[in-house]
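Structural characterization, general
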Amino acid sequence: MGKGSCKLSGGKASSTKGVVTKSAEGIEKEREAKINAKPKFYWANDEEPHRRRKQVILADHPEIKKIMGIDPSTKYKVAFWVSLQLLSLHLLQGAPWYTWLFCCYTLSGSINHMMTLAMHELSHNLGAKGVISNRFLAILANLPMGVPAAASFKRYHMEHHKFQGEDIVDVDIPTDFEGWFFHSTARKLLWCLLQPLFYSLRPLAVNPKDPTKWEFVNIACIIIFDATVVYVWGFRELLYLVVGTLFGMGLHPVAGHFIAEHYVMNEGQETYSYYGPLNWLTFNVGYHNEHHDFANISAKHLPDVRRIAPEYYDDIPHYHSWVKVIWDYIMDENISPYSRVKRVTLENREIEDLKARGGLVK
């Protein structure tokens, strides 16, 4: 793997449902064209690595199967933090602007970022039995953020897992414009501040999807919730929630996981785990290699994956500070939005077919 690598992989790749096997020649030509168009990314020659890792780890540690499944306590955690956020609206009424701003960054930002990670957990249906229950729990977690996100996040996130790094499909990867423009220290700092904007709008530019009924349900719930907040507490309190979301997903300690998870800090590795105390506030999202290896294991048990199979996690590069990850990203001239792994395992016609079906999840 390397930046601008043109070594071809023989044409084998993941296939989508209902699509005939692709030709080696066709995918090689398309892959070469995509590399030539965006040469500054890291380009891998094979499929995403976690499916193979999962098979190998399970062969050595079949007991991991015992911890697969949901965590019923997730719904109580979500209810608690949403309630605390509402309580903060009441307690901060009439507070001076500096107290409001401090709490908006520290409390509202942290809670709302935590709720984005509750949405992440629930997108994998790991909070309750049944898909519908998880969808409504995700919308509940989404409410204090002030803007609708849960339904669309699930659709894009499932593709991030199945097609990690796939050009066009995996919208977690920055655009070529982001890599070109945000390359200096000052501009990377700005990129971190604007990360909520890129995270929400990039999918609409790179891989737009027609809204489904769940997006409309999500939007309706958010509108009703926001209107209730304004009616009961006032517009400033709604602003507290929305700005808290922007703060929490921007230049904020817990937002370090956005960079830590897949930005190439050590060439040859594309997913990284974080083993620090902020996992307590983020549904263990720092255990990211563990999560991608076993996406059907709840956040509660991701540390158990590392405990059971330490030889697969302890000796590969990982982090202990998200703040340092942010610092390194901004200050290191060798790291930029281009520091992501891309791959081509789908032909263009397969991508178009995936789009025509509304993606993996509707």
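It should be noted that the structure appears before, not after, this text.
Description of the structure in this document. (Residues numbered from 1 in each chain as written. Predicted model: local features only at pLDDT ≥ 70, side-chain atom pairs only at ≥ 80, totals over all residues. Heavy atoms only, no water.)

Tracing the backbone shows Val-82 in helix 3 (residues 74-91). Along the primary structure Val-82 and Asn-142 are separated by 60 residues, whereas in three dimensions their C-alpha atoms are 9.0 Å apart. Apart from the residues lying within four places of it in its own chain, the contact partners of Val-82 are Met-115, Leu-140, Ala-141 and Pro-144. (Helix = DSSP H or I, 4+ residues; strand = E, 2+ residues; numbered from the N terminus. Contact = heavy atoms within 4.5 Å.)

Interaxial distance between helix 8 (residues 185-193) and helix 9 (residues 195-206) falls to 4 Å at its minimum, and their mutual angle equals 65°. Judged by residue contacts, Trp-191, Cys-192 and Leu-193 of helix 8 engage Gln-195, Pro-196, Phe-198 and Arg-202 from helix 9. The class makeup of the residues in the contact of helix 8 with helix 9 is 5 nonpolar, 1 polar and 1 charged. (Axes fitted to C-alpha atoms, helices over the stretch in contact; angles between N-to-C directions. Nonpolar A, V, L, I, M, F, W, Y, C, P; charged D, E, K, R; others polar.)

This part is about the packing of aromatic side chains. Evaluation of the coordinates by the stated rule reveals 19 aromatic pairs. Of the aromatic side chains, those joined through ring pairs into one cluster are Phe-177, Trp-180, Phe-181, Phe-182 and Phe-198. Here the guanidinium or amino end of Arg-306 rests over the ring plane of Tyr-275, the centre of that ring lying 3.6 Å away. Lying over the aromatic face of Tyr-263, Arg-340 brings its terminal NZ or CZ to 5.1 Å of the ring centre. (Phe/Tyr/Trp six-rings, centres within 6.5 Å; stacked < 30°, edge-to-face > 60°. Lys NZ or Arg CZ within 6 Å of the ring centre and 35° of its normal.)

Moving on, we get to the state of the cysteines. Counted by the stated rule, this structure contains 0 disulfides. For Cys-104, which is in no disulfide, the shortest distance to another cysteine sulfur is to Cys-103 and amounts to 8.8 Å. Free of any disulfide, Cys-192 has its nearest neighbouring cysteine sulfur in Cys-104, separated by 19 Å. (Disulfide = S-S within 2.5 Å.)

This part covers the pattern of salt bridges. Note on pairing: side chains with opposite charge can pair once their charged atoms come close. Per the counting criterion, the structure on display carries 20 salt bridges. Between Arg-155 and Glu-215 there is a salt bridge, and its shortest N-O distance comes to 3.0 Å. One end of the pair, Arg-155, is in helix 6 (residues 150-162); the other, Glu-215, is in helix 10 (residues 213-232), and 60 residues separate them in sequence. Across the pair, exposure class does not vary: Arg-155 and Glu-215 are buried alike. Between Glu-347 and Arg-349 there is a salt bridge, with the nearest N and O atoms lying 2.6 Å from each other. Residue classification places Glu-347 among the buried positions, given a relative accessible area of 5%. Given the relative accessible area of 40%, Arg-349 is considered partly exposed. One network of salt bridges, with partners in common, ties together Asp-46, Glu-47, Arg-51, Arg-52, Glu-270 and Arg-343. (Salt bridge = Lys/Arg side-chain N within 4 Å of Asp/Glu carboxyl O. Buried < 20%, exposed > 50% of the residue type's maximum accessible area, 1.4 Å probe, protein only.)

The subject of this paragraph is the nonpolar core. Counting residues in hydrophobic clusters, the biggest one holds 42 residues, and the most contacted among them are Met-115, Met-119, Trp-191, Ile-259, Phe-283 and Tyr-329. Mapped onto this core, the elements with two or more residues apiece are helix 3, helix 4 (97-123), helix 5 (131-142), helix 6, helix 8, helix 12 (256-260) and helix 15 (322-331). When residues of this core are assigned to their parent elements, the largest contribution, 7 residues, is made by helix 4. (Core = buried A, V, L, I, M, F, W, Y, C linked by side-chain atoms within 4.5 Å.)

Topologically, Thr-271 is positioned in the loop between helix 12 and strand 3 (273-274). Relative accessible area serves as the criterion here: at 3%, Thr-271 is assigned to the buried category. Side chain to side chain, Thr-271 and His-262 meet in a polar contact 3.2 Å long. If near-sequence neighbours (up to four positions away) are discounted, Thr-271 is found in contact with His-50, Gln-164, Glu-261, His-262, His-288, Asn-289 and His-292. (Polar contact = N/O pair within 3.5 Å; in protein donor to acceptor, adjacent residues only side chain to side chain.)

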